[in-house]
Every structure is written in structure tokens, then in C-alpha cells.
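So you can see what is in the structure, the chains are spelled out below.
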Amino acid sequence: MIIRRCLGSLLATATLAFASIGSVQAGGPYKVTLAGGSVGGAWSAIGTAIGEVIKTSYPGSSFTYEPGREAGNLALVSSGKVQLGIAHAQMALRAEQGLTPFTKPLTNIRAIALIDPQAAVQILATQSSNIKSLEKAAEEKRPLRVSLNQKGTLMAITGEAVLAAYGLSVEDIERWGGRVTYGPYNAGLDQMKNNHSDLIINMLSFPSSQIVNASRDVDLQLLGLSNDKVEALDAELGTKPIKMPAKTYDFQTKAIQTITGNVIVFASTDMSDDEAADLVRALLNNFKFLQSAHATLARLSPKALTDTAPIPLHPGAIKAYQEAGLLP
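Residues numbered from 1 in each chain as written. Predicted model: local features only at pLDDT ≥ 70, side-chain atom pairs only at ≥ 80, totals over all residues. Heavy atoms only, no water.

Colleague: Describe in detail the overall build of the protein, supporting the description with residues and values.
Modeller: The helix and strand inventory of the protein stands at 14 helices and 10 strands. The C-alpha atoms of the protein give 20 Å as radius of gyration, which agrees with the globular expectation for 328 residues (20 Å, within 12%). In terms of overall dimensions, the protein has a C-alpha envelope of 65 × 40 × 40 Å along the principal axes. Taking all contacts inside the protein whose residues are at least 6 apart in sequence as the whole, residues at least 24 apart take part in 77%. For the protein, the exposed surface amounts to about 14200 Å²; the carbon and sulfur share of it is 52%. Distance from the positive charge centre (29 side chains) to the negative charge centre (28 side chains) of the protein: 4 Å. (Helix = DSSP H or I, 4+ residues; strand = E, 2+ residues; numbered from the N terminus. Rg over C-alpha atoms; globule rule 2.2 N^0.38 Å. Contact = heavy atoms within 4.5 Å. Areas by Shrake-Rupley, 256 points an atom, 1.4 Å probe, with all protein chains shown as cover. Lys, Arg positive; Asp, Glu negative; His and termini not counted. Charge placed at Lys NZ, Arg CZ, Asp CG, Glu CD.)

Colleague: Give a description of helix α4 (residues 89-97) that names residues and reports values.
Modeller: Here α4 lies mainly inside the structure; seven of its nine residues are buried. Among all positions in α4, only Ala 89, Gln 90, Met 91, Ala 92, Leu 93, Arg 94 and Ala 95 are buried. On its buried face, α4 is in contact with α3 (70-78), β3 (84-88), β4 (109-126), α6 (154-165), α10 (227-237) and β10 (256-268). Backbone geometry just downstream of α4 places Gly 98 in the positive-phi region, at approximately 70 degrees. (Buried < 20%, exposed > 50% of the residue type's maximum accessible area, 1.4 Å probe, protein only.)

Colleague: So what about the pattern of salt bridges? Which residues, and what values?
Modeller: In this structure the tally under the stated criterion is 11 salt bridges. Residues Lys 240 and Asp 307 are paired through a salt bridge, measuring 3.5 Å at the closest nitrogen-oxygen approach. Here the residue Lys 240 occupies a position in strand β9 (residues 240-244), and Asp 307 occupies one in the loop between α13 (295-298) and α14 (315-323), the gap between them amounting to 67 residues. Note on Lys 240: relative accessible area 35%, which makes it partly exposed. Classification of Asp 307 as partly exposed rests on a relative accessible area of 37%. A salt bridge links Asp 278 to Arg 281; the nearest nitrogen and oxygen atoms lie 2.6 Å apart. Within this pair, Asp 278 and its partner Arg 281 are both found in helix α11 (residues 273-285), separated by three residues, close to a single helical turn. Take Asp 278: its relative accessible area is 8%, and that puts it in the buried class. (Salt bridge = Lys/Arg side-chain N within 4 Å of Asp/Glu carboxyl O.)

Colleague: Residues and numbers for the packing of aromatic side chains, please.
Modeller: Under the criterion given, the structure shown has two aromatic pairs. When the centroid spacing of 5.5 Å and the interplanar angle of 80 degrees are considered together, the rings of Tyr 30 and Tyr 58 count as edge-to-face. Remark: Tyr 58 occurs in the loop between α2 (42-57) and β2 (62-66) and Tyr 30 occurs in the loop between α1 (2-16) and β1 (31-35); sequence separation between them is 28 residues. Each member of the pair Tyr 30 and Tyr 58 is classed as buried. (Phe/Tyr/Trp six-rings, centres within 6.5 Å; stacked < 30°, edge-to-face > 60°.)

Colleague: Residue-level account of the packing of α6 against α10, with values.
Modeller: Packed helix pairs are specified by the crossing angle of their axes together with the interaxial distance, meaning the distance between the axes. Viewed as axis vectors pointing N to C, α6 and α10 meet at an angle of 140 degrees, and their least axial separation amounts to 11 Å. As judged from the angle between their axes, α6 and α10 are oblique. Seen from above, α6 lies across α10 with right-handed handedness. Contacts between α6 and α10 pair Thr 158, Ala 161, Val 162 and Ala 165 from the former with Lys 229, Leu 233, Glu 236 and Leu 237 from the latter. Classifying every residue of the contact of α6 with α10 gives five nonpolar, one polar and two charged. (Axes fitted to C-alpha atoms, helices over the stretch in contact; angles between N-to-C directions. Parallel < 35°, antiparallel > 145°, perpendicular 65-115°, else oblique. Left-handed = near helix turned anticlockwise from the far one by under 90°. Nonpolar A, V, L, I, M, F, W, Y, C, P; charged D, E, K, R; others polar.)

Colleague: Give me the lowdown on the confidence of the model for the protein, citing residues and values where you can.
Modeller: In this model, the protein carries an average pLDDT of 90, and 92% of its residues clear a pLDDT of 70 or more. Of all the helices and strands in the protein, α1 carries the lowest mean pLDDT, 43, while α14 carries the highest, 98. In the predicted structure, residues 1-19 sits below a pLDDT of 50 and forms 17 contacts with residues beyond four places in sequence or in another chain. (pLDDT = per-residue confidence, 0-100.)

Colleague: I'd love a proper account of the environment of Asn 285, names of residues and values included.
Modeller: By the element assignment, Asn 285 lies in helix α11. Distance from Asn 285 to Val 53, taken between C-alpha atoms, is 8.9 Å for residues 232 residues apart in sequence.

Colleague: With reference to specific residues and values, describe the side chain of Thr 296.
Modeller: Turning to its location among the elements, Thr 296 is positioned in helix α13. Exposure remark for Thr 296: the relative accessible area of 8% places this residue in the buried category. Excluding residues that lie within four positions of it along the chain, Thr 296 makes contacts with Ile 46, Ile 115 and Asp 116.

Colleague: Could you give me a rundown of the environment of Gly 238, with the residues and numbers involved?
Modeller: Its location among the elements puts Gly 238 in the loop between α10 and β9. Sequence separation of Gly 238 and Ala 276 is 38 residues, and the distance between their C-alpha atoms is 25 Å. Among residues more than four places away in sequence, those in contact with Gly 238 are Gln 90, Leu 93, Leu 233 and Pro 310.

Colleague: Outline unusual backbone geometry, supporting the account with residue identities and numerical values.
Modeller: Residues apart from glycine generally show negative phi values, whereas peptide bonds are mostly found in trans. Cis peptide bonds are those with omega within 30 degrees of zero, and the linkage from Gly 28 to Pro 29 qualifies with 0 degrees. Considering the arrangement of structural elements, one finds Pro 29 in the loop between α1 and β1. A cis amide bond links Phe 206 to the next residue, Pro 207, at an omega of -5 degrees. Looking at where Pro 207 falls in the secondary structure, it is placed in the loop between β7 (199-204) and α9 (209-214). Phi angles above zero are rare outside glycine, and Lys 141 is one such case at about 50 degrees. Structurally, Lys 141 is set in the loop between α5 (134-139) and β5 (145-148). Here the phi dihedral of Lys 247 falls at roughly 70 degrees; this positive angle occurs in a residue that is not glycine. By the secondary structure assignment, Lys 247 is in the loop between β9 and β10. Taking relative accessible area as the criterion, Lys 247 reaches 48% and is therefore assigned partly exposed.

Here is the structure:
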């Protein structure tokens, strides 16, 4: 019942902007299920908006939004159980390589479009913990209390990789008397507010309203990554370097060097070129509607949709982007 109500709310929001949806195309109809994130989150809002433009662009098409997690989304699309999925491109790369949490390589994943260009690693420490840097914490063998996102997510995998890059493996932290806990980001922020955690690592856009709200209840500091660690993590994870400007948050006085991932909508190589091209045409012809559907999409330009590295675009998507003059 709760899921139906949330999805109904999202569809109602999309319907308010229905008049801005563009002209009907000549393809379809299509039957599409998209596996995204939890109901009520950014991925569900974006996925629902994509469904609206598919149904409107190709009359007779059906669309279903299926809540999920990115590793599961990749497996579902790869096996042909759903047509589209949402995940970090860096998690899709792990799927292609058969790395944790995947038990075998999934080599048939291809991107349709970028939907979020910025999922930056943000390392927060409480001022009371007196953590000056991750290097220093490793040297001192600090019994850190660390919060990471849910296991099996790119956020948790990246958090572990950041710690390991500084000689702070989960095993070391626990051996030194600390602990690493896994759970939703808001739960980790609550742990910091209640003095049950010293450090939290996550990947998200900046400035983050979640961090802004948390900083009202606890004194925070933002830790950066050294250039050599950025280079090593990018090589390992497929991320890119990014700099967070000074005063991104009120408590942050200096620019911070870190890494960032990106989020894509993807299909499998089993999807026909014609269908993939038609899906891209629907996105491009209704781009202003999509931008109005969620703030994440409002940051994008049509050209940015093609920036799905390290996952290659589906051949059909390439064809549509070339037709629109967005790729050579």
C-alpha cells in the first residue's frame, strides 16, 4: 500500500508537467520495466519520469517502475528479466569485471544515458574526534568508529577502498578496538549526532542537504584525499577526480580534493538497436520535462547524457545521439 501511494504521488507530479512532453515518435509500442532505487528517492523520481516520456512518445507502450538496489538491477537487466536499470557506472564496471559483490562477470551491460554526473566521495569526521587526516589516523592506529553505506552498494565498496588506500582496512580498525558499521546514510549521520560514530564516508552530490542538516546538530569537518590516493582510487574504481570548492558547506573553509562517480540508465546488448535509439529519442525530445522532474537532471545538458564512461553506450543509443548532433 505504501509503495502504491508513493508511486502514485510520483506519477501525479510527472502528470502536472505532462503538457511539456514532446511530440510522438514513429516507433514502439514498447513494454519496459525499469529497476531503480527505493521508492521516494531520487532514482525512483527519475525512473518514473523516464517512464512517462516512453509511454507518451510511443502510444500503447507500458512502463513499470521496480524498486531495487544497483547490484540487483544489473543482474536483472543482464539476465533479461527487466529492460532498463539504474546504477552507478562504476558498479556496472565491477559487474563487467566480476568483482564483489558479483560472482561472475556480466559483460552485456550497455549505457543508454547519464542521469547524475556527480556522486562525490565526502568524508565527514566529527570535530570532537580530533581526526586531522586519514594518514594520521592510520599512523596512530586509532580505534575509529566508522559508518559506511549498506553492504553491496558502490558507496560501501568505495568507502572501504578509501580506508584501505590509507592503510585502514576494516580488519585493522576492528583489531585496534574500533568498528565499522553498515547502513543507510541517514542512520550513519544519526550515529554521528549521538556520538556513536567518528567518521562517515558516502558518495553523493554536493552541497548535500543531508550534510547541511546534520551540521546543525554536530560540529563536522570534511577530509580530503591526497593526489596520489585520488589517482590510485580512480584507477581501481573507475572514478574521476573532482574538487569541492571552499565554503561548499559553512564549516568547510578550504577546497577539498576527492573523487566522483556517475549514475546511468542502462540496458543489455539483447535490446535491439531500434528500441535503444527510440528510448534515447524520447529522452532528448522531452529533455525539458525531464529536467523539471528532478534537480539532478536539471544539472545536465543533452550532450552530457552521452558521458557514461566507464560503461560504453548501446549501439542504438549512439545512433540516436549522432542523429541529434551530440556525437560525431
